[in-house]
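Observations on the model geometry
Okay, here's what each chain looks like letter by letter:
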Amino acid sequence: MTSPDDRPDDRPDDVQPTDVEPTDPERDASQPAVEPEPAAATDAEPDAEPDADPETEVLDTAEPDPEPEPEPEPEPADDTGFFGSVATEDAPPAAAAAAAGTPAKAPKPARSGPGGKVALLTVLALVVLVGGGYAAAALAAGDRLPQDATVAGVEVGGLIPSAAETRLEEALSETASAPIDVVVDGTTTTLTPGELGLSIDYAASVAAAGGGRSFDPRRVWDWYTGGDETDAVVAVDEDALAATVERLAADVAVAPVDGGVEIRRGRAVAVAAQDGSGLDVEDAAAALVAVYPGGDEVTLDPVDVEPAVSDADVADAIAGFGATATSGPVVLRFGGNPVRLTTRQFDDALRMTVEDGALVPSVRRKPLLALVDGATAGADAPVDATFRLTSDGEPRVVPAKPGVTYRPAAVTSAFLTAVSSDEDRTARVRAKVAEPELTTKEARALGVVEEVSSFTTEWPHADYRNTNIGRAAELVDGTLLLPGETFSMNDIVGERTRENGFTEGFIISNGILVEDLGGGVSQMATTLFNAMFFAGLEDVEHKPHSFYISRYPIGREATVVWGALDLRFRNNTDHGVWVRSSTTPSTPSSSGSVTVTMYSTKTWDITTSTSERYDYTAPTTRTLTTDDCYAYTGSQGFSIDVYRYFREPGQDELVDTETFHTVYTPQDSVVCEAPPSDNGGNGGGGNGGGGGNN
């Protein structure tokens, strides 16, 4: 091996070291230094240093050589070896040596030894060899998977990614599309992976198993040493999964019931809280993803859902506000008029409601104002003029009284202040004395002097009809319709709720009978419609029942549904119309009845006629498996026309004719069966139609 210092230059072989001039310090730096070739050592020149073995020379001169090194032949001061020119500070100039009469001998310059250069080149060579070998190994592995790689039990070792994906799809397609039985609260629902938003990402699965070209040492090592068993990578459509889980959760969700406080008979009473239940949506989604692919069933257990207001919260509320509110009566002052309300009187007006997860006191305005209005019926209370019937059945005006007027919000605010205090339970309400809305003079000018129509309908015995028809009649009774005003049964009767005095009964829904609050109120609507019909008032809105009910006048009946169907008619006369209604409850041995009578000044003599039935339609039979199914036999549908004839009182001349056209749909027969054991759907079909309170 030859180091750069040992390479011969272009000088003739016969040039001796003594013929070389000393290095000129003034030499142009641009001229390269020429290194002389050392003269060969001879026996005649014992001082000549033989060439050192380049294989034994090292850069580190700190370690002593085993034997003294012979003094080298003179060399130029500049070394142009492998590490460049190195100046030796200790060497005396050649000219000084010649003046002393001795041959000029330059000391051996410090320079890089050829052994260090050899080591460096060796390392570089090894790096190249190792790097080349590693690159060759990586290139040999290519993008193939490790030899023993498997994905979800499918062997894919040694395959390129595309081939591995194909093999996985062929092997796992059936597993990937297999439905999963989801058991929730004992009910099994079979869902496809598509419905759950789950699928296998084959490309990602191959990549996770080691597929794809890479120079990562770990990947190259894996390829040559084997490979691992990996699971298939699951792709999740988050929206689809969430929608399905939400649907499953909705099917089993039982809402918790907050605890409450009611005021009953002057005492605060606890209403117990109830836990609900439902699915933890996040846990359910995670369980469904975990079982896929390969799992055929997963059970999702509902968890308890606590109410916002617990029994402990209720106990605290009763001990706090409940105790204070029921500690005694309150007094509301309207100017100089005190209104004293006992705890038993205002228990229906006061309650505690849940707001932001806490029980807070609140006031039901309508019952409170009813108490205030009832209590201010004295000298300062505003009382509108009204009517009463004499013993002879004739209407008479009840004189009006001036009274106190107030803002309802001011009453509720003052009441809540008083009822929340342990000490001063009196609150002042800003008010003023005002005239009634209907004065005695105005009432007498309305011309409510005689009966202008009356109509009665009957119903077979049913307790719910007694309750609901009786309550509706109570609310309608005493209504005064001024000239030009429109009567609305929904506005006057209000929503059919338990708080409003109604109970469950049969109504018509989608062409069949079902139970709901307010069933039977349409009996009141039909009776009102006929009283309006024969009083000659203007029909604004009415809707017959969807199928014919035999106890009602054919083609002359009406149904109502809160928020959907109303009975409305307008007083298109010049007189007021005073409406009275009353009921006779049914018993197991007798029918019930409701009568509506209208008092005014007679404007029309009304007669009527009815066409024959036509356009018959046949009923169908529905088979239902619901818990609220009620079996009965249906009837035909048909069309019919009713005519109303207008004549002035006591006159024969026909002034006007009005036609009421009604189409009754068939009343389908209903057969009730037990629910199928395989969770099948309910039977259905047949004619739909309008609803209504039967």
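To keep things clear, this report deals only with the structure shown in the data block. Keep in mind the model is a prediction, meaning the values are calculated, not measured.

Moving on to the nonpolar core. Membership of the largest hydrophobic core comes to 35 residues, with the highest contact counts inside it found for Met489, Met524, Leu528, Leu567, Phe569 and Met598. Counting residues per element, the ones that place at least two in this core are β22 (450-459), α14 (463-476), α15 (489-493), α16 (521-535), β29 (577-584), β30 (592-600) and β34 (637-647). In terms of residue count, α16 provides more of this core than any other element does, nine residues in total. Not counting residues up to four positions away in its chain, the partners in contact with Leu528 are Val476, Phe487, Met489, Leu567, Val579, Val596 and Met598. In terms of nonpolar packing, the next biggest core, distinct from the first, is built from 34 residues, Ile180, Val182, Leu198 and Val298 among them.

Most of β34 sits out of view: eight of its eleven residues are buried. The sheet contact formed by strand β31 (residues 605-610) and β34 spans six bridges and is antiparallel. In the sheet register, Thr607 faces β34, and the bridge partner there is Tyr645. As defined by bridge partners, strand β32 (residues 614-617) adjoins β34 across two bridges and the pair is classed as antiparallel. Bridge pairing in β34 links Tyr614 to Ser639. Bridge count between β34 and strand β35 (residues 656-664): nine bridges; the pairing is antiparallel. Residue Tyr643 lies in a different strand from β35, and its bridge partner there is Thr659.

Let us now look at the packing of helix α7 (residues 238-252) against helix α8 (residues 281-291). Two numbers describe how α7 lies on α8: the axes approach to 10 Å, and their chain directions differ by 120 degrees. In terms of orientation, α7 lies oblique with respect to α8. Remark: the crossing between α7 and α8 carries right-handed chirality. Contact residues: α7 offers Leu241, Val245 and Glu246, while α8 offers Val281, Ala284, Ala285, Leu288 and Val289. Residue composition of the contact of α7 with α8, by class: seven nonpolar, no polar and one charged.

What follows covers the pattern of salt bridges. Side chains carrying opposite charge are able to pair once their charged atoms draw close together. Tallied over the entire structure, the rule returns eleven salt bridges. Note that Arg264 is salt-bridged to Glu262, the shortest N-O span being 2.5 Å. Accessibility expressed as a relative area gives 42% for Arg264, which makes it partly exposed. Linking Glu504 and Arg498 is a salt bridge whose minimum nitrogen-to-oxygen distance equals 1.9 Å.

Strand pairing within a sheet occurs via backbone hydrogen bonds; the two strands may be parallel or antiparallel. On the basis of which strands lie adjacent, the open sheet formed by four strands has the order β22-β30-β29-β23 and antiparallel pairing. Whereas interior strands pair on both sides, the edge strands pair on one side only; in this sheet they are β22 and β23 (479-481). Looking at each pair of strands side by side, their axes are set apart by 20 degrees on average, direction ignored. The pairing of β23 with β29 spans three bridges and is antiparallel. Within β29, the residue paired with Thr479 across the bridge is Val579. Strands β22, β23, β29 and β30 of the sheet are contacted by α14, whose axis makes an angle of about 160 degrees with β29. Sheet strands in contact with α16 are β22, β29 and β30, and its direction is about 150 degrees off that of β22.

Take the packing of aromatic side chains next. Taken as a whole, this structure holds 14 aromatic pairs when the rule is applied. Ring geometry for Phe346 and Phe415: centres 5.3 Å apart, planes at 75 degrees, overall edge-to-face. Taken as a pair, Phe346 in helix α10 (residues 343-346) and Phe415 in helix α12 (residues 408-419) lie far apart in primary sequence, 69 residues in all. Accessibility classification places Phe346 together with Phe415 in one group, the buried group. Taken together, a centroid distance of 6.0 Å and an interplanar angle of 90 degrees make the contact between Phe529 and Phe660 edge-to-face. Taken together, the positions of Phe529 in helix α16 and Phe660 in strand β35 put the pair 131 residues apart, joining distant regions of the chain. Here Phe529 and Phe660 have matching classes, each one buried. Members of the aromatic cluster, each reached through a chain of ring pairs, are Phe455, Phe529, Phe533, Phe534 and Phe660. Here Arg556 stacks its cationic end above the ring of Phe533, 5.6 Å away from the centre of that ring. A cation sits over an aromatic face here: Arg644 above Phe533, 5.0 Å from the ring centre.

Conventions used here
- All chains use their own residue numbering, which begins from 1 and follows the written sequence.
- Only residues with pLDDT of at least 70 are given local features in this predicted model, and only at 80 or more are side-chain atom pairs given and counted; all residues enter the totals for whole chains, interfaces and linings.
- By convention in this description, side-chain values take in all heavy atoms of the structure and omit both hydrogens and water.
- Put simply, buried Ala, Val, Leu, Ile, Met, Phe, Trp, Tyr and Cys residues joined by side-chain atoms within 4.5 Å make one nonpolar core.
- A simple rule labels every residue: compare its accessible area, found with a 1.4 Å probe on the protein chains alone, to the largest value its type can have, and call it buried under 20%, exposed over 50%, or partly exposed in between.
- What counts as a helix is a DSSP run of H or I of at least four residues, what counts as a strand is a run of E of at least two, and both are numbered from the N terminus.
- Note on definitions: a residue-residue contact is assigned when non-hydrogen atoms from the two residues lie within 4.5 Å.
- Should DSSP find at least two bridges between two strands, the strands are taken to pair.
- Between N-to-C directions, angles cover 0 to 180 degrees, with each direction set by a line fitted to C-alpha atoms, over the stretch in contact for helices.
- Orientation is classified from the angle alone, with under 35 degrees giving roughly parallel, over 145 giving roughly antiparallel, 65 to 115 giving roughly perpendicular, and any other angle giving oblique.
- Less than a right angle of anticlockwise turn of the near helix away from the far helix marks a crossing as left-handed, whereas a clockwise turn marks it as right-handed.
- Polar here means any residue outside two lists: the nonpolar Ala, Val, Leu, Ile, Met, Phe, Trp, Tyr, Cys and Pro, and the charged Asp, Glu, Lys and Arg; Gly therefore counts as polar.
- Here, a salt bridge means any side-chain nitrogen of Lys or Arg that lies within 4 Å of a carboxyl oxygen of Asp or Glu.
- Here a Phe, Tyr or Trp ring, Trp counted by its six-membered ring, pairs with any other such ring whose centre lies within 6.5 Å, and the pair is stacked when the planes are under 30 degrees apart, edge-to-face when over 60, and tilted otherwise.
- In this scheme, the term charge over a ring applies when either NZ of a lysine or CZ of an arginine sits within 6 Å of the ring centre and within 35 degrees of the ring normal.

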